[in-house]
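Tertiary structure, described
What follows is each chain in one-letter form.
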Amino acid sequence: MVKAFPGVFSRTRRQDINRRVRVLPWLWLLPALFFIILFLVYPTIETLRLSFMNQDSSAYIGAENYQYIFASSATRTALLNNALWLVLFTVLATGLGLIFAVLTGKVRYESLAKAAIFIPMAISFVAAAVIWRFMYAFRPEGFTQTGLVNAIGTGIGLEPVAWLVEHTLPYIDVLLSGPLHINNFAIVAVGVWMWTGFAMVVLSAGLKGISTEVLEAAHVDGANEWQIFWRIILPILSPTIAVVVTTLVIQALKNFDMVWVMTAGNYGTDVVATLMFKEMFNFRNFGWASALAVVLLVAILPVVLINIRRFRAQEETR
Amino acid sequence: QAGTTGEKIGTVNVLGVWGGEELANFQAMVAPWEQQTGGAMGFSGTRDLIAILTTRIQAGNPPDVAILPNPGQMIELAGDKKLVALNTFLDMNKVKQEYAQGWIDLGTVDSKLYGIFMKADSKGTVWYNPKVFQENGWTVPATWDEMISLSDTIVSSGKMAPWSVAIESGEASGWPATDWIGEILLHEFGGKVYDDWVSHSIPWTDSRIKASWEKFGQIVLTQGYVPGGAIAALATNFVDGSYLPFEDPPKAAMYYLGAFTQGFIADQFPELKAGEDYSFFPFPAIDPAYAGGVTGGANVVVIFKDNVTTRSFVEYLASPAAQQIWVTRGGFTAVNKNVSLDAYPNPLARKAAEQLTSATIFRFDADDNMPSAVQKAFWEGALAYLQNPSQLDSILANIEATAKNAYK
Amino acid sequence: MSRAGKSIDERFSARVRKLMGRFPLHLVIVLVGLFWMIPSVGLLVSSFRDARDVASSGWWTAFQLPFQFTLENYADVLTQNRMGPSFLNSLIISIPGTIIPILIAGFAAYAFAWMRFRGRDVLFLFIVALLVVPLQMTLIPVLRLLTNMHLAGSFPGIWLAHTAYGLPFAVFLLRNFFGGLPRELLESAYLDGASNMRVFFRLVLPLSVPALASLAIFQFLWVWNDLLVALVILQDPAKTPMTVAITNLVSSFGTQWQLLTSAAFISMMLPLVLFFALQRYFVQGILAGSVKG
Amino acid sequence: MSEVRFEHVTKHFGETIAVDDLNLEIPDKEFLVLVGPSGCGKTTALRLLSGLEDVTEGSIYIGDRLVNHVPPKDRDIAMVFQSYALYPHMSVYDNMAFGLRLRKTPKAEIDRRVREAARILGIEELLKRKPRQLSGGQRQRVALGRAIVREPAAFLLDEPLSNLDAKLRVQTRTELSKLHQRLGTTFIYVTHDQVEAMTMATRIAVMNLGKLQQVGTPQELYNKPVNDFVAGFIGSPSMNMFEVRVAQEGDETHLDAGSFRVSIPPGKADRLISYLGKELIMGIRPENIHAPDFLPPGITAAKVRAKVDVIEMMGNEVFVYLLSGKKQFLARLDPRVQVSPGQEMEVIFNAASLHFFDLDTKKALP
Amino acid sequence: MSEVRFEHVTKHFGETIAVDDLNLEIPDKEFLVLVGPSGCGKTTALRLLSGLEDVTEGSIYIGDRLVNHVPPKDRDIAMVFQSYALYPHMSVYDNMAFGLRLRKTPKAEIDRRVREAARILGIEELLKRKPRQLSGGQRQRVALGRAIVREPAAFLLDEPLSNLDAKLRVQTRTELSKLHQRLGTTFIYVTHDQVEAMTMATRIAVMNLGKLQQVGTPQELYNKPVNDFVAGFIGSPSMNMFEVRVAQEGDETHLDAGSFRVSIPPGKADRLISYLGKELIMGIRPENIHAPDFLPPGITAAKVRAKVDVIEMMGNEVFVYLLSGKKQFLARLDPRVQVSPGQEMEVIFNAASLHFFDLDTKKALP
Ligand SMILES: Nc1ncnc2c1ncn2[C@@H]1O[C@H](COP(=O)(O)OP(=O)(O)OP(=O)(O)O)[C@@H](O)[C@H]1O
Ligand SMILES: Nc1ncnc2c1ncn2[C@@H]1O[C@H](COP(=O)(O)OP(=O)(O)OP(=O)(O)O)[C@@H](O)[C@H]1O
Ligand SMILES: [Mg+2]
Ligand SMILES: [Mg+2]
């Protein structure tokens, strides 16, 4: 009786209050959603639509495009290369970035040290291409090498390597035989060189958030730097790391510019995005191009799903 | 519809591939028009022309005027009804008398003129160093066989490699190789076959086409012909490749590439004198029947928006006066017949121009004249061929596949 | 007495030990740093060399006497009549192109991090997923859109575009950092009577400066270095940014690329300045002394 | 008008039940002190009232208004967080001024109030510092200051003095009492300090395991605890408990604790008759056990012999832990008693202040 | 062997001097309690010892080893942070096990110790929780547990019980004392709780404004404070201070406080003779002031009339704030005294436990 009355009472109230509670978040999301829907969702839907249409988007042809792209060996190579990027690029960039963020955090000349890693990020792709042509430049044996890598290589008696063309190095043929072309590694190296700065800066921002007292507690508990890194910093930083990894994975998937400026996808370095670009602009086949884009969208889903669990986790530990 | 005369001349936005000196020269070329008409030109240059142009057209936002690097795209765009026919306002009689019929035909799609050609280039030029040839008593070959035997002599001389081949060109890698092949095919099988090939009347798998590829392969793949062999050819940028015959000591004796190569050499070796330290000889005859054939490339001006500004702009560009401006500044071969040969800055440039005008058989550079899809496939095919020559048949089959659905 | 004496040298040796202990750290940082710099140094050196030398010999050989450095490349780039205006254009594009998305993303991230509503996570991850949409695929629809809005070829047009392209990452990053703030902190603000707006501007933003700084750095970079979007959307040459002006230095055959070397450094200056300027916001323990436990 | 009412309020965190069917009415102007063992739900109760947690069940009223779904900022409540929750990027001054600025209080007024609070809390020289530059106690004072500069409908103070030294604590205590008198707003005050509870409370609420045990004035709780938990919890050191059997010899009733017996004068014994022969719990506070030679006048003496186990000198008194059989109990004796561990001694229970609880229900006997 | 020695240790934070020329020798096995007003430098002292802060000047020794530049992890010290500093990403269990795991303690041993500590602290059911899911007191206990599972050279406990309820606090206190006896390691223990200080300390160190005031056993500090600060700080509620003039009439010395006089029996008066006619500070603790009718036997009575100002009932005693003239002072009286605010009453000072301090130096008279 006494209990029931306020119960009913409160229920009637609950509704209207919930209503304004329900709209509030959307007010905050509104601007973002506006842009995203207009500039990203709409094109995505458009892409989805085109992926079921023929070359000049004049007629629906069902899943033909998908059948084609999965049949074509070009796509297979591209997917394989993307896989290579996914693993090497992500792991190296994140790992190095993390290590460097932690190390530089310990010294006074932090910003300078960071700048060294960051600069590649600031260089435009066009310029980066120029740089790395200097690095990888190849001239036949007996010529003076204008590329640093080959200059060093020949310096120690190796034969010069056309890094951006060669599929496999003569002397480590066995190791890298198969689809993993050496020139892909050469380009991945460029990618890592550019993007490690990204990982470093973001992770460094995350590091700054870690409470100094917790670190002190670990010191007092007798942990050395190494243990502190693995057992305190790493777990506490894991949300930020997840952000970086996710972003880099996505970069690896949609990766275009680095390949484009280095080899334009020639010599077996194609990735899905470059393939898509050519299908779209050189071959004028919007159907295939769109299908390839959709493949990217699908490929990202697992990564995204993994993130869900992460949020739930973060929710409860704050 | 067509701009009424009352309209005032305004700004014309031009999309093209030019940059650096080219752009400067072009602006110089346009300057008088701007002064006379009070109009203005805004030029956006990009080497991603296809991407940008396609995007803008698809989005219904094309530029006023575009200067395409080849007629292939012009044909496609005309087919898609994206272009404005020039014969609607140009004085066609004037055009006919100033332009060789061949060029007019190239710019015409189902009997409407869509493109005016300018800044042409002969592609029948093999570059070499006359001094070096003299010293070694080598003589300029007149036929393919002479050229091969000369090559062998040079190899055995051990002084240098006979050939420099360099086909790296970023996203366009491979086109120098396709120039080789086109040139060979024209000289071996003549204009008819060439035209059938370009218009895809004969399949890519045709034995004659294959033969041309293999002749090109003979140059690149023969042991000792090209320093570093095929890999070097693939890895070397086509500009850098042109330096080898002129370095000191020279690394190679000959380099085949279009007339514009003169610019590269001049930039890299300003101290060398055109015609003395470096020069070119016409691509040698293979089948005497077709001797004197030349392929060439040119940029083509097309209009997307029809108004007084674009009209007067294109009229101007087509005029000999306009083209002469760039000619004198160098690096430009006029297509307009009324530009006098004396305007060319040096004998070599003049020689190149003559080669075009006096050609017995002139054909437009093959790959540039094909649908962009086929062109791309051709380029990539050339790369693939040098990577593993044994695959030639399947490579040709691939291109054929692409061609099948590109030509409609 | 003896103790005092002992403590002196003990202290000294202890200090030395401490320094020695950190030596490897410095070594690693310096070495890796230098290693990372090699390509950039190569570019820098080349930018001061004559094009012909660059083509014929490796950049490291430039250090052999006689030095033959030249400022030509820089002179050439700087005297390009389009450099000045295009630099301004770059600024006009980049500054709003950086601030707008960060602000908008901030709002969204705050909602995602600190408000409960149905379908929050799904919506959020959907936005993150959009990160993967390839720029090239969006260009045509976006340009069509802007053309219809009569914004094609205008600065607002490209601001909108960059805002949209920057949003997913910005939301993703900020949501993560905002979510990491201690709950009590926001709670005490609410109890002090602060509206969400206040909390957002007075608490959440100031306490996330490291995240904001890094985000600002990258968003600015991406806009500053963007070529494709500018080419597609800003057709009017008078509005084109440095990136376009720079690519126009090179001929269609790719000759005169040596100008890219100096141009690269010229266009890199501002981002670098920004980077260093924002470094001071990367301070350890922003939250220190806030909550107990 | 700011009366506060909890009606059947329950709060679950996953399986843990932090607050269990809480019914509590806090009239306006009350200074309610909330006590209970660590983890019993005090903080949660405050957080529920301030709206930082949603109730799992039940309703909370401020005044006559159901606030279950009123967002915190509209509840006009000032709270001192157990964990301070200072704004790390603001100076001490700004930390305190924040709430006022939001309310558009005139600058001068803000300045006055902040400085006043700072003076009261002795943190005037720290106004320019950032929280990270403060000591623990100073931080706590800032947290307290942030609350007392405001004039809210209710103050919720969660152990606001726990990290202050005794002297400062006494001062602040009196200042808070003054504040309470001046503003006459409702205070809900969580503390573990018995003296605080006793001196500041108009009423004390005792919680245990999320359940409310007893609400009443300090005296009531001290003299008439409703069950053995409250009895043991209020008063420090806490009440000694013995299991005893009620026995009678002639007209003299006594309680048999096995190792000793306490005889009760007839008058006092009546209420125990019903338990004759049965067992019950007898409680006596350490301060009601005296040494024979320092016997305060006028008490109902009941002798008990025991062995001295441990001695803790406290200056103004001495804690003597005594053993009778296995059973240990504590006596607060006059510091001048001469005893040494192991020695046998006699102590006097003040029979007048014995407490009795039912063995099963643990409820106090009427 | 883990004797600890501070030698002329000074610590500056910018212009604030947190610790000022601290000289302190802590023999092995000592249980030193560090007390002082909030912000006096206690925590800083601990942080210096544990190596978390570098000394500005002076040297710190553990054993015979100068540790100024020894990193914390090599000092083998266990510390309870005033702000807990729990590892947010680890369960309670892992928080406690962390230090042991680093030392490669066998799994079984770790488990044993952690569970033992959890039992002692009554957090066994919380072992799986994350710190975020704990109440304030529970977190504090985890912080304490993290320290006591270890067997370090020294324990530094910074107000480890401040957020626990009285009962739990008493338990934990005794457990800590046991631990101290069992391990015999040095404890340095910061607290604001007088009872804690008195009961646990082998010696107490009193700090003020970064300066060490006095070190000694609880009794010494309570009975023989070296200056008025210590006198006022030790003992709660704190000592009443009066400015008095020493006067003599015949052979009877008395102290004139203006509003009242305290007469001193000749025997006791000798040490004051030198101050005859001069002013000095007289201190008397509230517990040494008694109500006439509840006079404990055997005290040197000195009557003082005063007016009752405020009364605080404490259950086992009553705090009576008295006014004599303008001067307010506090008496802890027997709860049975019948007084009401405003009424005049007579109280008895125990002359035997008067304290005297020089007016200028504030030092205690010999
Ligand atoms: N990082 C800092 N910067 C500036 N001053 C500081 C800093 N840390 C502490 N202080 C000052 O040093 C003095 C001593 O601080 P400390 O924490 O040792 O006090 P404490 O004795 O522990 O006080 P409490 O009992 O409140 O914890 C305080 O006045 C404090 O304001
Ligand atoms: N977020 C949470 N998740 C799970 N359990 C929680 C959470 N917060 C509190 N609890 C539990 O709820 C109970 C009550 O917590 P609360 O903080 O109210 O205790 P408290 O009375 O304030 O204790 P203390 O005096 O130690 O602060 C505790 O047992 C605690 O473990
Ligand atoms: Mg609590
Ligand atoms: Mg402290």
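Residues numbered from 1 in each chain as written. Chains lettered and ligands numbered in written order. Predicted model: local features only at pLDDT ≥ 70, side-chain atom pairs only at ≥ 80, totals over all residues. Heavy atoms only, no water.

1. Quick word on the confidence of the model for chain A
Residue and element names in this part refer to chain A. We apply this condition: For every residue, the predictor assigns a confidence score, pLDDT, that lies between 0 and 100. Throughout, a residue-residue contact means that at least one pair of heavy atoms, one from each residue, lies within 4.5 Å.
When pLDDT is averaged along chain A, the result is 83, and 87% of the positions lie at 70 or above. Across residues 1–19, where pLDDT falls below 50, the model places 11 contacts with residues more than four positions away in sequence or in other chains. When the criterion is pLDDT under 50, residues 169–177 qualifies, and its contacts beyond four places in sequence or with other chains add up to 12 contacts.

2. Considerations on the coordination of the magnesium ion (ligand 3)
All names here are of chain D. Applied cut-off: Each metal site lists N, O and S donors within 2.8 Å (3.2 Å for Na, K and Ca). With water left out of the atoms, a site can look as if it is missing ligands. Elements are defined by DSSP. Helices are runs of H or I of four residues or more, strands are runs of E of two residues or more, and each kind is numbered from the N terminus. Exposure categories follow from relative accessible area, calculated using a 1.4 Å probe and restricted to protein chains: below 20% of the type maximum is buried, above 50% is exposed, and the middle band is partly exposed.
Listed as protein donors to the magnesium ion (ligand 3) are Thr43 (OG1) and Gln82 (OE1); their distances from the metal cover 1.8 to 2.1 Å. You can see Thr43 sitting in helix H1 (residues 42–50) and its partner Gln82 sitting in the loop between strand E6 (77–80) and helix H2 (92–102), a full 39 residues away along the chain. Overall, the relative accessible area of 23% leaves Thr43 in the partly exposed class.

3. Remarks on the packing of aromatic side chains
Filter applied, for reference: For Phe, Tyr and Trp, where Trp contributes only its six-membered ring, two rings pair if their centres lie within 6.5 Å, and the inter-plane angle classes them as stacked under 30 degrees, edge-to-face over 60, or tilted in between. Lysine and arginine charges are scored as sitting over a ring when NZ or CZ, respectively, is within 6 Å of the ring centre and within 35 degrees of the ring normal.
All told, the structure shown has 101 aromatic pairs over all chains when counted by the stated rule. Residues Trp28 of chain A and Tyr110 of chain C carry aromatic rings whose centres are separated by 4.8 Å and whose planes lie at 40 degrees to one another, so their mutual orientation is tilted. Of this pair, Trp28 of chain A sits in helix H1 (residues 4–50) while Tyr110 of chain C sits in helix H4 (residues 83–114), each in a different chain. Summarising the burial analysis for this pair, Trp28 of chain A and Tyr110 of chain C share the class buried. Aromatic pair Trp195 of chain A and Phe198 of chain A: ring centres 5.3 Å apart, planes at 65 degrees, arrangement edge-to-face. Within this pair, Trp195 of chain A and its partner Phe198 of chain A are both found in helix H8 (residues 182–209), separated by 3 residues, close to a single helical turn. One aromatic cluster is present, formed by Trp85, Phe89, Phe118, Trp195 and Phe198 of chain A together with Phe169, Phe218, Trp222, Phe275 and Phe276 of chain C through successive ring pairs. The aromatic ring of Phe143 of chain A is capped on one face by Lys251 of chain B, whose charged end is 5.4 Å from the ring centroid.

4. Focus on the coordination of the magnesium ion (ligand 4)
Around the magnesium ion (ligand 4), the protein contributes the donor atoms Thr43 of chain E (OG1) and Gln82 of chain E (OE1), which lie 1.8 to 2.1 Å from the metal centre. A residue is classified by how much of its surface remains accessible, and Gln82 of chain E, at 12% relative accessible area, is buried.

5. Overview of helix H5 (residues 120–129) of chain C
For H5 of chain C, the buried fraction is high: 8 of the 10 residues fall into the buried class. Every buried residue of H5 of chain C is accounted for by Arg120, Asp121, Leu123, Phe124, Leu125, Ile127, Val128 and Ala129 of chain C.

6. Section: the interface of chain C and chain A
Put simply, the rule is: Buried area: the accessible area, evaluated with a 1.4 Å probe, that two parts lose upon being put together, summed over both parts. Should a side-chain nitrogen of Lys or Arg be within 4 Å of a carboxyl oxygen of Asp or Glu, the pair is scored as a salt bridge. Under the rule applied, a polar contact is a pair of N or O atoms within 3.5 Å (in protein, one hydrogen donor and one hydrogen acceptor; residues adjacent in sequence only if both atoms are side-chain atoms).
Taken together, the contact between chain C and chain A spans 101 residues of the former and 97 residues of the latter. Buried surface at the junction of chain C and chain A, both sides included, amounts to about 8,800 Å², of which 78% is carbon and sulfur. Summed over the shared surface of chain C and chain A, the number is 1 salt bridge. Arg144 of chain C is the partner of Glu46 of chain A in a salt bridge, and the nearest nitrogen-oxygen pair spans 3.9 Å. Counting across the chain C and chain A interface gives 10 residue pairs in polar contact (both at pLDDT 80 or more).

7. Brief notes about the site of ligand 1
Note the following rule: Only heavy atoms are used to decide nearness, and a residue is near a molecule or strand if one of them lies within 4 Å of it. Working definition of accessibility: Shrake-Rupley area with a 1.4 Å probe, residue cover restricted to the visible protein chains. Note on residue classes: Ala, Val, Leu, Ile, Met, Phe, Trp, Tyr, Cys and Pro are nonpolar, Asp, Glu, Lys and Arg are charged, and everything else, Gly too, is polar.
Lining the immediate surroundings of ligand 1 are 20 residues, of which Arg129 and Gly137 of chain D together with Gly39, Thr43 and Thr44 of chain E lie closest. Lying at an intersection of chains, ligand 1 is approached by residues of chains D and E. Between ligand 1 and Gly39 of chain E, the relevant distance is 2.7 Å, taken from an oxygen atom to a main-chain nitrogen or oxygen of the residue. Contacts to ligand 1 include Glu159 of chain E, whose side-chain N or O atom sits 3.3 Å from an oxygen atom. Protein contacts shield 88% of the accessible area of ligand 1, which totals 630 Å² for the unbound molecule. For the shell around ligand 1, the secondary-structure elements that each account for two or more residues are helix H4 (136–148) of chain D together with strand E2 (16–26) and helix H1 (42–50) of chain E. Across the shell around ligand 1, the residue classes tally to 3 nonpolar, 13 polar and 4 charged.

8. A closer look at the packing of helix H4 (residues 110–122) of chain A against H8 of chain A
Two quantities define a packed helix pair, namely the angle between the axes and the distance from one axis to the other. All names here are of chain A. The test is simple: Note on geometry: axes are C-alpha line fits, over the in-contact stretch for helices, and angles between N-to-C directions span 0 to 180 degrees. Any angle that falls under 35 degrees is termed roughly parallel, while one over 145 is termed roughly antiparallel, one within 65 to 115 roughly perpendicular, and all others oblique. Each crossing gets its handedness from the near helix: less than a right angle anticlockwise from the far helix is left-handed, clockwise is right-handed.
Across the interface, H4 lies against H8 with an axial gap of 5 Å and an inter-helix angle of 140 degrees. Comparing their axes, H8 and H4 come out oblique. Crossing geometry of H4 relative to H8 is assigned as left-handed. Residue-level contacts link Glu110, Lys114, Ile117, Phe118, Pro120 and Met121 of H4 to Trp193, Met194, Trp195, Thr196, Gly197, Phe198, Met200, Val201, Ser204 and Lys208 of H8. Here the residues of the contact of H4 with H8 are counted per class, giving 10 nonpolar, 3 polar and 3 charged.

9. A short note on the sheet that holds strand E9 (residues 252–256) of chain B
All names here are of chain B. Let me state the cut-off plainly: Two strands are counted as paired when DSSP detects at least two bridges linking them.
Pairing is mixed in the open sheet, where 4 strands are placed in the order E8-E9-E7-E10. For this open sheet the edge positions go to strand E8 (161–164) and strand E10 (279–282), each flanked by a neighbour on one side alone. With direction set aside, neighbouring strand axes in the sheet form an average angle of 30 degrees. Where strand E7 (residues 125–128) lies against E9, 3 bridges are found, and the strand directions are antiparallel. Pairing of Val126 across the sheet is with Tyr256, part of E9.

10. Regarding the interface of chain C and chain B
With 23 residues of chain C at the interface, the matching set in chain B holds 29 residues. Buried surface at the junction of chain C and chain B, both sides included, amounts to about 2,400 Å², of which 59% is carbon and sulfur. Run the count over chain C and chain B and you get 0 salt bridges. The interface formed by chain C and chain B includes 7 residue pairs in polar contact (both at pLDDT 80 or more). Mapped by element, the contributors of at least two residues to the side of chain C that touches chain B are helix H2 (51–56), helix H6 (135–148) and helix H11 (228–233) of chain C.

11. A word on empty space enclosed by the protein
What counts is decided by this rule: Points on a 1 Å grid over protein atoms alone make up a cavity when a 1.4 Å probe fits among them but cannot get out, and a pocket when they form an open set with protein on both sides within 12 Å along at least five of seven lines; lining residues each have an atom within 4 Å of a point. Grid points are joined across faces, edges and corners, and a volume is the space filled by probe spheres set on the points.
For the structure on display, the rule yields 13 cavities of 30 Å³ or more. Taken as a whole, the largest cavity encloses approximately 870 Å³ of empty space. If you trace the largest cavity, you find 40 residues lining it, with Asp193 and Val195 of chain D together with Asp193, Val195 and Ser236 of chain E closest to the centre. Counting residues per element, the ones that place at least two in the lining of the largest cavity are helix H5 (166–183) and helix H6 (194–200) of chain D together with helix H5 (166–183), helix H6 (194–200), strand E17 (318–324) and strand E18 (327–333) of chain E. Residue composition of the lining of the largest cavity, grouped by class: 18 nonpolar, 10 polar and 12 charged. What the second largest cavity holds in volume is close to 170 Å³. If you trace the second largest cavity, you find 18 residues lining it, with Ser162 and Arg169 of chain D together with Leu161, Ser162 and Arg169 of chain E closest to the centre. Across the lining of the second largest cavity, the residue classes tally to 4 nonpolar, 6 polar and 8 charged.

12. Here we look at the arrangement of the chains
When the 8 pairs of chains in contact are compared, the highest contact count belongs to chains A and C. At the level of C-alpha atoms, the two units chain B and chain E stay apart, their nearest approach being 50 Å.

13. Details of the confidence of the model for chain B
Overall, the predicted model of chain B reaches an average pLDDT of 89, with 99% of residues at or above 70. For this predicted complex, the interface score ipTM comes out at 0.91, alongside a pTM of 0.91.

14. Observations regarding a nonpolar patch on the surface
Defined as follows: Patches here: salt-bridge-free residues with over 30% relative accessible area, like charges joined within 9 Å, nonpolar side chains (Val, Leu, Ile, Met, Phe, Trp, Tyr) joined within 5 Å.
A surface patch of nonpolar side chains, amounting to about 410 Å² of accessible area, comprises Val87, Val91, Leu92, Leu96 and Ile99 of chain A. Following the sequence through the fold, Val91 of chain A ends up in helix H3 (residues 73–104).

15. Some remarks on unusual backbone geometry
Cis peptide bonds are those with omega within 30 degrees of zero, and the linkage from Asp248 of chain B to Pro249 of chain B qualifies with -5 degrees. Structurally, Pro249 of chain B can be placed in the loop between helix H11 (238–241) and E9. A positive phi is found at Ala264 of chain A, a non-glycine position, where the angle reads about 55 degrees. Looking at the element boundaries, Ala264 of chain A is found in the loop between helix H11 (257–262) and helix H12 (272–281). Of the residues examined, Ala264 of chain A reaches a relative accessible area of 0% and is grouped as buried. Phi is positive for Glu159 of chain E, which is not a glycine, with a value near 45 degrees. Examined against the element boundaries, Glu159 of chain E turns out to sit in the loop between strand E7 (154–158) and H5. Relative accessible area serves as the criterion here: at 5%, Glu159 of chain E is assigned to the buried category.

16. Here we look at the site of ligand 2
Near ligand 2 there are 20 residues, and of these Gly39, Thr43 and Thr44 of chain D together with Arg129 and Gly137 of chain E occur at the shortest range. Neighbouring residues of ligand 2 are not confined to one chain but are distributed across chains D and E. Contact between ligand 2 and Cys40 of chain D: an oxygen atom at 3.3 Å from a main-chain N or O atom of the residue. Gln82 of chain D has a polar side-chain atom sitting 2.8 Å from an oxygen atom of ligand 2. Summarising the interface, the protein chains cover 88% of the accessible area of ligand 2, which totals 630 Å² for the free molecule. Counting only elements with at least two residues in the shell around ligand 2, the list comes to strand E2 (16–26) and H1 of chain D together with helix H4 (136–148) of chain E.

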